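# Fold and contact review
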Amino acid sequence: MHELEDRKIIHVDMDAFYASVEQRDFPELKGKPIAVGGGSDRGVVAAASYEARKYGVRSAMPSVTAKRLCPELIFVKHRFEEYRKVSSQIRDIFLDYTDLVEPLSLDEAYLDVTDNKLNYPSATVIAYDIRRRIYETTGLTASAGISINKFVAKIASDYNKPNGQKTITPDEVLPFLEELDIRKFHGIGKVTAEKMYMQGIFTGAHLKEQSLEFLVEHFGKSGSHYYNIVRGIHHSTVKPDRIRKSLGAERTFSENISSEIFMKERLVQIAEEIEKRLSKNNVAGKTVTLKIKYSDFKTQTRSKTLPHFIRNKDLILQTAIELMEQEGFRESVRLLGITLSNLNTEVEEKDFVEVQLKFSF
């Protein structure tokens, strides 16, 4: 069994997956700006083709904004069963090389190919071979990043998109991270980046200059994470069976609602959906979180942790209603959601120490 410093990790990311499946299956959409999702005024973009991305259209963007940016945008209804089918084909290809496959979603996954089934010495060659087979099997392109850990591999997979790959060898990791704009560090969002700018931190080199004490003081518990990642240290291993940490469902309403009676009716439906998902995944949880998005788009969450695990819809609903009744609503509501966390699947992860060594990529 290899130590963490000997790992060869590949991050495979499908290129504009949902949109690419639609363009593959409906040739009349090829080369055109399309968005998968609802085109109504309250719709949201689930995925955008590269032609649409040139106009600034992105996933999770309100449809009205997307249409304003790209008046020629074509909205296509999602076909999740088809996406799951294609995702399954891709996963089968991964498993021909290694059993250490950690899916992040339908369109991306980490692979640990340190000890691979074909005994290929080069992770770079494996990534190329996987991408070739994905294209031959599905007609879709994928990009890949290859490096010593998940963090660096994920950053690398964005570099030569679409339909490309980038390898960052052990010797290249530290120089690569030092030159990197901190906005490209996975896990550093817009707010954190702006806070770092205020501290004079613009690149990995600037981040590396800061002491652990400084980073913890200014960024809390995340400070130690930033201190490690800029040094190429990332403890997370590829987990074939990812541990689910929460399970939930939410509903966006066609019209804003202010009646508590209507809200409770929606919560009943959401609780029923969560019960089905809990049963399917054979899990239960202790913490119920109610998510409320108001008509002004501000979001609020309220949580309660119970002394025992639950999965019954009535208990989930009862707790969600208690949370809803804790205080009045400032505005009418456009979205309600319930999440169950603190699941009975969670286990403590071991702490690892990681050291960089040279090995063939």
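The preceding data block contains the structure.
A brief report on the enclosed structure follows. (Residues numbered from 1 in each chain as written. Predicted model: local features only at pLDDT ≥ 70, side-chain atom pairs only at ≥ 80, totals over all residues. Heavy atoms only, no water.)

### Regarding the pattern of salt bridges
Short version of the rule: Within this document, salt bridges are pairs made up of a side-chain nitrogen of Lys or Arg and a carboxyl oxygen of Asp or Glu, the two lying within 4 Å of each other. Going along the chain from the N terminus, every DSSP run of H or I of four or more residues is numbered as a helix, and every run of E of two or more is numbered as a strand. Burial classes: relative accessible area under 20% of the type maximum marks a residue as buried, over 50% as exposed, and values in between as partly exposed (1.4 Å probe, protein chains only).
One pass over the full model with this rule turns up 20 salt bridges. Taking the shortest distance from any N to any O, the salt bridge between glutamate 136 and arginine 132 comes out at 3.1 Å. Of the two residues, glutamate 136 and arginine 132 both sit in helix α5 (residues 123-138), four residues apart, roughly one turn of that helix. Residue classification places glutamate 136 among the exposed residues on the basis of a relative accessible area of 56%. With a shortest N-O distance of 2.9 Å, arginine 183 and aspartate 181 are connected by a salt bridge. On the basis of relative accessibility, which here comes to 56%, the residue arginine 183 falls in the exposed class. Linked by salt bridges that have partners in common, Glu22, Arg24, Asp25, Arg79 and Glu82 make up one network.

### Considerations on the sheet that holds strand β3 (residues 45-48)
To summarise the sheet geometry, strands pair through backbone hydrogen bonds and adopt either a parallel or an antiparallel arrangement. The cut-off we apply is this: Strands were regarded as paired on the criterion that DSSP finds at least two bridges between them. Helix axes are fitted to C-alpha atoms over the stretch in contact, other axes to C-alpha atoms as well, and angles between N-to-C directions run from 0 to 180 degrees.
Here we have three strands laid out as an open sheet, ordered β3-β2-β4, and mixed in their pairing. Of all strands in the sheet, those bounded by a partner on one side alone are β3 and β4 (74-76). Each neighbouring strand pair of the sheet contributes to a mean axis angle of 35°, computed without reference to strand direction. Looking at chain direction, strand β2 (residues 34-37) and β3 are connected through three bridges and run antiparallel.

### Some points on unusual backbone geometry
Trans is the prevailing form of peptide bonds, just as negative phi is the prevailing case for residues other than glycine. Residue proline 162 is bonded to the preceding lysine 161 through a cis peptide linkage, with omega at -10°. For proline 162, the position within the fold is in the loop between α6 (150-157) and β8 (165-167). Of note, the phi angle at asparagine 119 is positive, near 60°, even though the residue is not glycine. Look at asparagine 119 and you get exposed, because its relative accessible area is 66%.

### Quick notes on the environment of arginine 231
How we decide: Any two residues whose heavy atoms approach within 4.5 Å are treated as being in contact.
Topologically, arginine 231 is positioned in the loop between α11 (222-229) and β9 (246-257). Each residue touching arginine 231, except ones within four places of it in the same chain, is listed here: Leu174, Lys208 and Gln210.

### Quick word on the packing of aromatic side chains
Definition in use: Think of it this way: a Phe, Tyr or Trp ring, Trp meaning its six-membered ring, pairs with another when their centres are within 6.5 Å, and the plane angle makes it stacked under 30 degrees, edge-to-face over 60, tilted otherwise. Whether a charge sits over a ring comes down to the Lys NZ or Arg CZ being within 6 Å of the ring centre and within 35 degrees of the ring normal.
Counted under the stated rule, the structure contains nine aromatic pairs. The interplanar angle of 20° and the centroid separation of 5.1 Å between the aromatic rings of tyrosine 197 and phenylalanine 202 together place this pair among those described as stacked. When its relative accessible area of 25% is taken as the criterion, tyrosine 197 is described as partly exposed. A residue is classified by how much of its surface remains accessible, and phenylalanine 202, at 40% relative accessible area, is partly exposed. Feature note: the residues Phe17, Tyr18, Phe80 and Tyr83 constitute an aromatic cluster, connected by ring pairs. Directly above the ring of tyrosine 50 sits arginine 53, whose terminal nitrogen or CZ lies 4.6 Å from the centroid.

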